[in-house]
Amino acid sequence: ISPETVDGLLSSFTNPNFNSSETFTMDTHVQINSSNYVSAFMSEAHFTAEYDSHVVAEVTVEPMSVPGRSDVIAVAHARTTITPELSKILFAAVIPSFHLRVKVTGTAPVKVTSLLGLKVQAKLNCWVDVHVLALVQNPNEMVVRHEC
């Protein structure tokens with residue numbers, strides 16, 4: 001994440017006088033553990049991160065192969081637009097703890113070639129606890145907990 005993005009994101013929801021709309025993008029690597037015995041291929045997937053029914057980010061995950069019984073790294077591209085309304089909501093939620101709990105939902109189209117090319121939609125429904133100050137200190141440690 002660029003220093004400009006970090007500065008813009010933090011000021012957009014910690015500045016009580018924020019009064020414009022700002023869009024930010026960031027790339028994220030997400031570790032996925034597959035306990036399935038069969039391999040699969042996931043096409044481009046789309047997820048939404050929400051705080052209290054307000055969209056915080058739209059996320060696109062790149063297509064990837066997922067070998068059976070393995071850990072893989074998914075590449076996700078997040079796009080966040082902070083409006084004055086969302087800024088006020090996030091400001092109230094983040095101050096003073098600098099923690100935010102978001103709900104991440106969506107579906108991923110998956111093809112299991114070893115099962116005659118079976119196509120399924122994998123649903124994701126997770127709660128993710130984010131330590132906002134880690135964005136400045138160590139972005140790799142922003143996610144402090146998740147429940148899926």
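To be clear, the structure that these remarks concern was listed above.
Undergrad: Would you explain the nonpolar core in this entry?
TA: In globular proteins that are soluble, nonpolar side chains generally tend to be buried together. In this structure, Met-42, Phe-47, Val-59, Val-61, Leu-90 and Leu-100 are the most contacted members of the largest nonpolar core, which totals 40 residues. Considering every element that reaches this core, the biggest residue donor is strand S7 (residues 99-112), with six residues. Phe-47 has contacts with Ala-57, Glu-58, Val-59, Val-61, Val-104, Thr-105, Gly-106, Thr-107, Ala-108 and Leu-124, leaving out every residue within four places of it along the chain.

Undergrad: How should the side chain of Thr-5 be read in this particular structure?
TA: Take Thr-5: it is sitting in helix H1 (residues 3-14). By relative accessible area, Thr-5 is classed as buried at 16%. Once you skip the residues sitting within four places of it in the chain, Thr-5 turns out to touch Phe-24 and Thr-25.

Undergrad: Looking at this model, I keep getting lost on the pattern of salt bridges. Mind explaining?
TA: Pairing between side chains becomes possible if they bear opposite charge and their charged atoms approach one another. Counted under the stated rule, the structure contains four salt bridges. Residue Arg-101 pairs with Asp-129 through a salt bridge whose shortest N-O separation is 2.8 Å. Pair noted here: Arg-101 is in strand S7 and Asp-129 is in strand S8 (residues 118-131), with a separation of 28 residues, a long-range link. On the basis of relative accessible area, Arg-101 is assigned to the partly exposed category, the value being 32%. When the shortest N-O distance is used, the salt bridge between Glu-147 and Arg-101 registers 2.7 Å. Of this pair, Glu-147 sits in strand S9 (residues 143-147) while Arg-101 sits in strand S7; the two residues are 46 residues apart in sequence, bridging distant segments of the chain.

Undergrad: I would appreciate a short explanation of the state of the cysteines in the present structure.
TA: Joining two cysteines, a disulfide is a covalent bond between their sulfur atoms. Counted by the stated rule, this structure contains one disulfide. A sulfur-sulfur distance of 1.9 Å marks the disulfide that ties Cys-126 to Cys-148. Note on the Cys-126 and Cys-148 pair: the S-S dihedral is about 115°, so by sign convention the disulfide is right-handed. Of this pair, Cys-126 sits in strand S8 while Cys-148 sits in the segment after S9, and the two are 22 residues apart along the sequence. Using a relative accessible area of 69% as the deciding quantity, one classes Cys-148 as exposed.

Basis of the calculations
- Residues numbered from 1 in each chain as written.
- Predicted model: local features only at pLDDT ≥ 70, side-chain atom pairs only at ≥ 80, totals over all residues.
- Heavy atoms only, no water.
- Core = buried A, V, L, I, M, F, W, Y, C linked by side-chain atoms within 4.5 Å.
- Buried < 20%, exposed > 50% of the residue type's maximum accessible area, 1.4 Å probe, protein only.
- Helix = DSSP H or I, 4+ residues; strand = E, 2+ residues; numbered from the N terminus.
- Contact = heavy atoms within 4.5 Å.
- Salt bridge = Lys/Arg side-chain N within 4 Å of Asp/Glu carboxyl O.
- Disulfide = S-S within 2.5 Å.

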